[in-house]
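# What the coordinates show
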Amino acid sequence: MKLSEVAERIGGELKGSGEEEICGVAGIQEATVGEISFLANPRYAPQAAETKASAVIVTEDFDKPCPAALLRVKNPDAAFAKVAALFYTPPPLPELGVHPTAVVAGDVKLGKEVRIGAQCVIEAGVRIDDGTIISPQCYIGYQSRIGKNSRLYPQVSLRESVTIGDRTIIHNGTVLGSDGFGYSVNSKGVRTKIPQIGTVVIGDDVEIGANVTVDRARFGRTVIGNGVKIDNLVQIAHNVEIGDHAVIVAQVGISGSTTIGSRAILAGQAGLAGHLTVGEGAIVGPRSAVIKDVPDGVYVMGTPAMPVAKMKRTHASLMLLPRLKGRFTELEQKVKKLESALAGSGKKSTDNFES
Amino acid sequence: MKLSEVAERIGGELKGSGEEEICGVAGIQEATVGEISFLANPRYAPQAAETKASAVIVTEDFDKPCPAALLRVKNPDAAFAKVAALFYTPPPLPELGVHPTAVVAGDVKLGKEVRIGAQCVIEAGVRIDDGTIISPQCYIGYQSRIGKNSRLYPQVSLRESVTIGDRTIIHNGTVLGSDGFGYSVNSKGVRTKIPQIGTVVIGDDVEIGANVTVDRARFGRTVIGNGVKIDNLVQIAHNVEIGDHAVIVAQVGISGSTTIGSRAILAGQAGLAGHLTVGEGAIVGPRSAVIKDVPDGVYVMGTPAMPVAKMKRTHASLMLLPRLKGRFTELEQKVKKLESALAGSGKKSTDNFES
Amino acid sequence: MKLSEVAERIGGELKGSGEEEICGVAGIQEATVGEISFLANPRYAPQAAETKASAVIVTEDFDKPCPAALLRVKNPDAAFAKVAALFYTPPPLPELGVHPTAVVAGDVKLGKEVRIGAQCVIEAGVRIDDGTIISPQCYIGYQSRIGKNSRLYPQVSLRESVTIGDRTIIHNGTVLGSDGFGYSVNSKGVRTKIPQIGTVVIGDDVEIGANVTVDRARFGRTVIGNGVKIDNLVQIAHNVEIGDHAVIVAQVGISGSTTIGSRAILAGQAGLAGHLTVGEGAIVGPRSAVIKDVPDGVYVMGTPAMPVAKMKRTHASLMLLPRLKGRFTELEQKVKKLESALAGSGKKSTDNFES
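In this convention, every chain numbers its residues from 1, walking through the sequence in written order. Whichever chain is written first is A, and whichever ligand is written first is 1; the rest continue in order. Side-chain atom pairs in this predicted model are given and counted only at pLDDT of 80 or more, local residue features only at pLDDT of at least 70, and totals for whole chains, interfaces and linings cover all residues.

### Some thoughts on the overall build of chain A
Secondary structure elements are defined from DSSP: runs of H or I of at least 4 residues count as helices, runs of E of at least 2 residues count as strands, and each element is numbered from the N terminus. Within chain A, the regular secondary structure consists of 3 helices and 38 strands. Relative to the globule expectation of 20 Å for 355 residues, the C-alpha radius of gyration of chain A, 30 Å, shows a markedly less compact shape. C-alpha extents for chain A along the principal axes are approximately 105 × 75 × 30 Å. Each residue is represented by a C-beta atom placed from its backbone, and any two residues with such atoms within 7 Å are regarded as in contact. The contacts in chain A between residues at least 6 apart in sequence include a share of 19% that link residues at least 24 apart. Only the C-alpha atoms count toward the radius of gyration. The rule for a globule is 2.2 Å times the residue count to the power 0.38.

### Quick word on the interface of chain A and chain C
Opposite the 56 residues of chain A that make contact, chain C presents 53 residues. Every element with two or more residues in the side of chain A that touches chain C is listed here: helix H2 (76–87) and helix H3 (308–344) of chain A. Of the residues forming the side of chain A that touches chain C, the biggest block, 12 residues, is contributed by H3 of chain A. When residue character is reported, Ala, Val, Leu, Ile, Met, Phe, Trp, Tyr, Cys and Pro are called nonpolar, Asp, Glu, Lys and Arg charged, and the others, Gly included, polar. Taken together, the residues of the side of chain A that touches chain C sort by class into 27 nonpolar, 19 polar and 10 charged.

### Points about the interface of chain B and chain A
Contact with chain B, which involves 56 residues of that partner, is made by 54 residues of chain A. With 12 residues, helix H3 (residues 308–344) of chain B is the single largest residue contributor to the side of chain B that touches chain A. For the side of chain B that touches chain A, the class distribution of residues is 27 nonpolar, 19 polar and 10 charged.

### Details of the sheet that holds strand S12 (residues 133–134) of chain C
Residues and elements named next belong to chain C. By definition, two strands form a pair when at least two bridges between them are found by DSSP. The strand order across the open sheet built from 12 strands is S6-S9-S12-S15-S18-S23-S26-S29-S32-S35-S37-S38, with neighbouring strands paired in mixed fashion. The open sheet terminates on both sides in strands that have one partner only, identified here as strand S6 (97–98) and strand S38 (306–307). For strand S29 (residues 247–248) and strand S32 (residues 265–266), the ladder comprises 2 bridges, and the chain directions are parallel. Residue pairing for S32: Ile 248 is matched across the bridge by Leu 266.

### Describing the pairing of strand S5 (residues 69–73) of chain C
Residue and element names in this part refer to chain C. Only one face of S5 is buried: it carries Ala 69, Leu 71 and Val 73, and the other face, with Leu 70 and Arg 72, is open. As paired elements, strand S1 (residues 13–15) and S5 share 3 bridges and run antiparallel to each other. Bridge assignment links Lys 15 to a residue of S5, and that residue is Leu 70. In this sheet, S5 lies alongside strand S4 (residues 55–59) in parallel orientation, the contact comprising 5 bridges. When the sheet's bridge partners are listed, Val 58 is paired in S5 with Arg 72. Note on burial: count the other C-beta atoms lying within 10 Å of the residue's C-beta; 20 or more is buried, 12 or fewer is exposed, in between is partly exposed, and C-beta positions come from the backbone.

### Some points on the environment of Gln 155 of chain C
All names here are of chain C. Its place among the elements puts Gln 155 in the loop between strand S15 (151–152) and strand S16 (157–158). A residue is classified by how many C-beta atoms lie within 10 Å of it, and Gln 155, with 33 of them, is buried. C-alpha separation for the pair Gln 155 and Cys 138, spaced 17 residues apart in sequence, amounts to 4.4 Å.

### Points about the domain arrangement of chain A
Residue and element names in this part refer to chain A. Bear in mind that the domain bounds are from an automatic or database domain assignment. Under the domain assignment used here, chain A contains domain 1 (3–87), domain 2 (97–307) and domain 3 (308–354). For domain 2 and domain 3, the distance between their C-alpha centroids amounts to 55 Å. The interface is formed by 7 residues belonging to domain 2 together with 4 residues belonging to domain 3. At 3 residues, the largest contribution of residues to the side of domain 2 that touches domain 3 is made by strand S37 (residues 299–301). Across the side of domain 2 that touches domain 3, the residue classes tally to 5 nonpolar, 2 polar and no charged.

### Some remarks on the relation of the copies chain A and chain C
To line up the copies, we fit them by least squares on C-alpha atoms, keeping just the residues with pLDDT of at least 70 in both. The operation relating chain A to chain C is a screw motion whose rotation component is 120 degrees, with 0.1 Å of axial translation and a residual RMSD of 0.2 Å. The two molecules are tied by a three-fold rotation axis, judged by turn and shift. A share of only 20% of interface residues in chain A that are also interface residues in chain C marks the association as one of differing surfaces.

### A few points about the relation of the copies chain B and chain A
Screw-axis analysis of chain B against chain A gives a translation of 0.0 Å along the axis, an RMSD of 0.2 Å, and a rotation angle of 120 degrees. Different-surface contact between copies: only 20% of interface residues of chain B are shared with the interface of chain A.

### What to know about the sheet that holds strand S16 (residues 157–158) of chain B
Strand pairing in a sheet relies on backbone hydrogen bonds, with the paired strands running either antiparallel or parallel. Residue and element names in this part refer to chain B. Spatially, the 10 strands line up as an open sheet ordered S7-S10-S13-S16-S19-S24-S27-S30-S33-S36, and their pairing is parallel. If you trace the sheet from one side to the other, it starts and ends with strand S7 (103–104) and strand S36 (289–290), each paired once. In this structure, strand S24 (residues 213–215) lies alongside strand S27 (residues 235–236), joined through 2 bridges in parallel fashion. Counted as the bridge partner of Val 214 is Ile 236 from S27.

### Describing helix H1 (residues 3–10) of chain A
All names here are of chain A. Of all the positions in H1, only Leu 3, Val 6 and Ala 7 are classed as buried. The buried residues of H1 all sit within an arc of 100 degrees when viewed along its axis, so they share a single face. At its buried positions, H1 is contacted by strand S1 (13–15), strand S3 (35–38), strand S4 (55–59), strand S5 (69–73) and H2. Looking at the residues trailing H1, positive phi occurs at Gly 11, about 75 degrees. The reported arc concerns the directions from the helix axis to the C-beta atoms and nothing else.

### Overview of the environment of Gly 189 of chain B
Summarising the element assignment, Gly 189 of chain B is placed in the loop between strand S20 (183–185) and strand S21 (191–193). Residue classification places Gly 189 of chain B among the partly exposed positions, given that 17 C-beta atoms sit within 10 Å. Those residues in contact with Gly 189 of chain B that lie beyond four places of it in its chain are His 245 and Arg 263 of chain C.

### Digging into the packing of H3 of chain A against H3 of chain B
Two numbers describe how H3 of chain A lies on H3 of chain B: the axes approach to 9 Å, and their chain directions differ by 30 degrees. Relative to H3 of chain B, the element H3 of chain A is oriented roughly parallel. You can see that H3 of chain A and H3 of chain B cross each other, and the crossing is left-handed. Within the contact between the two elements, H3 of chain A uses Arg 313, Thr 314, Ser 317, Leu 318, Leu 320, Leu 324, Phe 328, Leu 331, Lys 334, Val 335, Leu 338 and Ala 341 of chain A and H3 of chain B uses Leu 318, Met 319, Leu 321, Pro 322, Lys 325, Phe 328, Leu 331, Glu 332, Val 335, Leu 338, Glu 339 and Leu 342 of chain B. Residues of the contact of H3 of chain A with H3 of chain B, tallied by class, amount to 17 nonpolar, 2 polar and 5 charged. The axes are straight lines fitted to the C-alpha atoms, using for helices just the contacting stretch, and the angles between their N-to-C directions are given from 0 to 180°. Should an angle fall under 35 degrees it is called roughly parallel, over 145 degrees roughly antiparallel, and 65 to 115 degrees roughly perpendicular, with every other angle called oblique. Rotating anticlockwise by less than a right angle from the far helix to the near helix defines a left-handed crossing, while the corresponding clockwise rotation defines a right-handed one.

Shown next, in the form of structure tokens:
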């Protein structure tokens, strides 16, 4: 594809020849002749001078040296995503229908154009709607349901009665519907399992990363709303409810019965105690430990998590602490000297200091 | 089942008609006509007034308004677990015997009423005792042994020579017996693998969550005692030993050769350094980082973990720090003024202050 | 094998009879007659007195009581590893060639002496070189390539176009090449997936633990260099680059586009923000949260991570804080008394204190 055609498709302003043949995309450092790259983060601007790319997508006000043709756009990041898609050939899908090595129960209901990959196991009572792709080696438990045009990557496993909506993507190794962690305990510290007989309900347009675990409810439902995006290795305990369009970054853990408001963001490695409410649009900073409710729209951080301004104030004081300690000892010395000075002056009132 | 019959089965005192037909259980907010719910946490008491449940299990002293019939019991939580079990129909088990798609070595010894699900791979020398269920797509490595009435959910994998006791439950995607993380390192920082030739031994009545990893010992055994309960995404390194009835909550990581006492509790996302001893009945708070031994029965918390009273005192001081800083600056000013006041009074002793 | 022969093979100095027949290895506490053990950590020296082992490998200057024959060496740890290997019988490998239950695309290229285990799925365009072992139930995506003498344990899954080098080991349940976590977001907080069309490239002599996740690049490559060792449950985001011989301990999370220098060490449960550079040979302490670049060779620790000396100073001050608070209140009292004492003395200058 000629560079001029690329420019036309993404709607940018071209500076340089449009005749160059573009055959692929790459990062600014890795790109070579015939490839197009981009520059969104000003941090990487110095690399533009040395790029071997044939063209670079830049912001409208970009003014650094660059040997490549420039394509000026409002949002280089978004423009590059479009360009990358132009040159991307996706891998082939599993064949239409059921692979001969898959084990599918007799009463399973499959919609139109469903694909069931090699060595899947689909238990009785399952329903999978039109256009959904189940990659090889997945396990779909008894009476689970998956909507339209969803996609499960290899080795996903769903326990019984899990529901997944439309256009939802689940990555490899993720487990949906494992038992919640619930026990009664006797006086000797011996635990007895509390049956976990609820389910997991996952909405439309959700994406869940690899090796995530979502526990089924003790009773009722663990809920993941529409449009929620969950990164890898996240733990979601029983009876958690996650509002629409919330974002949960890698390695977050959410304890039982906690509710996450819609459009809330939980940054990487955060941990949330149980039975809490995180408000709509709230943000929990990376690695923060949430132990009480977070109001709507509030940004909390730290261990325990507190509003971010307070956390920063506290942290700044903490950093000053070693110096403060020195000043404090000095001040104690001064006061001591003041005391003896006053005592030496023979006034009655100095008696008070001997407490 | 009539409500009166439910009351009889769980032994509570019924207030209201026992004629109502109960056909299921649900949470206090989700329940509808024909369902029974419960109220254990006082936090949710206001919801009782608006429940649509036909009956609610409450504490003996419950006195809030509620339109539903009430079933008064000592422990609503436990009573509800019983009721829920009454209405729960578990999904069908894999068929008795070996599924035709499973690959089972010739010398494998299977007890009575063992179930081996579709597409399992069972290697040579394995023994599986009476009544145990191996769900589809599990991998049981060479010479591993599983006791009676245990259950492996789909896609569990056991490496060679792993031993599991009776009545133990392992959830989807968990890996038992992967190599411990051990290398020798040369002067250039290049690492050479130290063979990990020990095993993993798991006791009776254990439950292990989803996507957990338990490494085999370098030599000897990584041990998980009887009655231990382990949540999802936990990491247990080589040569760790976990005492009977200990509880390990989600995303905890235990480094190599650390010993956890019986009935100890490690709360979510805690991390433990290697070669430590956590005493019997000790508690490690959520997200705490344990870097030295924890005595029996002691509750530690924080990073690094310290006895919880000390941690709270330290934390309280930390929270006061920004205010303290202001007061400190003020005090310095006052002392300065005192010094000049005394200096102004012309006493010899004030010379001392000019240090 | 006679003890004298063991001594000969590992090159140690034998104290005691060499005639004893040794048939296995065990830890100092578990070992029994006919077994050889070792003592590297002085912490365990008292256990030597009570060992039932027939022989114990010790340091050259070991002088504690021990009933067993002693084998004195420079490095007992390394010597024991050698001895353990002498007595270890590894489990059988999958048969040479392709297991009849594996599903292998027609155009897959397999080198000499490749082993493909039961129920693997190998997609079109894959190439696997000489001597590599793919254990049962693995999934190798479209056009992925695996070098020579590498080993994948059961249930590893590779998405499309992933490259693995020679002599690399991947443990059970690990996912390589899942989509990076990248979305564009509109003004209503609704996210749209940004295609993740890059790849993952893994070097030679790498080892990756169980249930790890490595995301494919947004474009370009996520890179894991030669000799890198990665423990269990680690998260590596899109476009991360890890230098040769780096070490990543369990449950670490590395955010997108961060670069780890060669021979750097990231200790357990550390978290790294995105777009950072950790220098060559740098060390990130356990559970540390890295939010800015770490220079070559620097050891950082804490949340946020700072040079370890600074972190320790800050932490020491923090531990003193409760006591400091008491001393501070006392000092305020003293200053108050000094002020009234001076005021009582009737000097003009005391007026200054009433600010």
